[in-house]
Amino acid sequence: SSSLQHGRWACIPTLACRHVRPGVAQQVAMGGGSSAPKEIRAVFIGMPGAGAKALAGRAATGEFPATEAESSASLEWRQVRRTFEELDLHLLGLGSQTGLWREHLPSCQVLVFVVDGSKDIDATKVSSTFQSAFKDHGLPEGTPVVVLLNKMDLVEASIGEERKAIMAASMAGGGAMTQCKICNVSAKTGDDVDEAVRVICGNTLTF
């Protein structure tokens, strides 16, 4: 059964970013006994207009991508060295461009699914889009999932919590998913993005 959790953590900032070619990340070595750098490949997808590419850019650079060119840069793999977790985090922002999902989701190690939290959530549509990642685009069963409700700077905190609960209910039927964390963030302001990156790195997910 799916494990759904949500909450807040202290902020650990990202440190360095550089572009890397697709396919350079190795398999994640989450256990001990290996001296090779640990790596995680995280792919950001989501609903149309939710800001998945913007969040991937914010996570990679610490800045909001203010231009179309900066947003499009998320379509290339970028690497962030995480000294606290002692790993290299590889980030790719595909957004709602489903034509690219099949190419990258089979090698994804953490899926980041982004929803616009500033609007009423269509739970049925969100669930269908999410499930298609597993059923139609090759995301491996059991891949850890981080759901980000974006644009939360535009709504009151109480509304944000209500929409988080709606998301938790809509994701609970994901039979192919075994681990899921839901976070409220804002790509625009950067609110709680660093905390979400910590989750992506496995600080609060048991891989």
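Residues numbered from 1 in each chain as written. Predicted model: local features only at pLDDT ≥ 70, side-chain atom pairs only at ≥ 80, totals over all residues. Heavy atoms only, no water.

### Things to note about helix 6 (residues 193–200)
Basically, it comes down to this: Exposure is judged per residue with a 1.4 Å probe applied to protein chains only, and the accessible area is read against the type maximum: over 50% gives exposed, under 20% gives buried, and values in between give partly exposed. Helix and strand labels come from DSSP, where a helix needs a run of H or I of at least four residues and a strand needs a run of E of at least two; each type is numbered from the N terminus.
Judged by how many residues are buried, helix 6 sits mostly within the fold: seven of eight residues are covered. For helix 6, the full list of buried residues reads Val193, Glu195, Ala196, Val197, Arg198, Val199 and Ile200.

### Details of the packing of helix 4 (residues 123–135) against helix 5 (residues 157–171)
To keep it simple, the criterion reads: To get an axis, fit a line to the C-alpha atoms, keeping to the stretch in contact for a helix; angles then go from 0 to 180 degrees between the N-to-C directions. Here the angle decides the label: under 35 degrees means roughly parallel, over 145 means roughly antiparallel, 65 to 115 means roughly perpendicular, and every other value means oblique. Two helices cross in a left-handed way if the nearer one is turned anticlockwise from the farther one by less than a right angle. They cross in a right-handed way if the turn is clockwise. Contacts were defined at the residue level, with two residues in contact if any of their heavy atoms lie within 4.5 Å. Under this grouping Gly is polar, as are all residues other than the nonpolar Ala, Val, Leu, Ile, Met, Phe, Trp, Tyr, Cys and Pro and the charged Asp, Glu, Lys and Arg.
At a minimum axis distance of 9 Å, the contact between helix 4 and helix 5 shows a crossing angle of 50°. By the angle class used here, helix 4 and helix 5 are oblique. In this structure, helix 4 crosses over helix 5, and the sense of that crossing is right-handed. Between helix 4 and helix 5, the residues in contact are Ala123, Val126, Ser127 and Phe130 and Ile166, Met167, Ser170 and Met171, respectively. Here the contact of helix 4 with helix 5 is composed, by residue class, of six nonpolar, two polar and no charged.

### Brief notes about the nonpolar core
Note the threshold: Each nonpolar core is a collection of buried residues, namely Ala, Val, Leu, Ile, Met, Phe, Trp, Tyr and Cys, held together in the definition by side-chain atoms within 4.5 Å.
If you look at the biggest cluster of nonpolar residues, it comprises 56 residues, and the most contacted ones within it are Phe44, Ile45, Leu89, Leu105, Leu111, Leu148 and Met167. In this structure, Leu148 is in contact with Phe44, Leu55, Val112, Phe113, Val114, Val115, Cys183, Val185 and Ala196, ignoring residues within four places of it in sequence.

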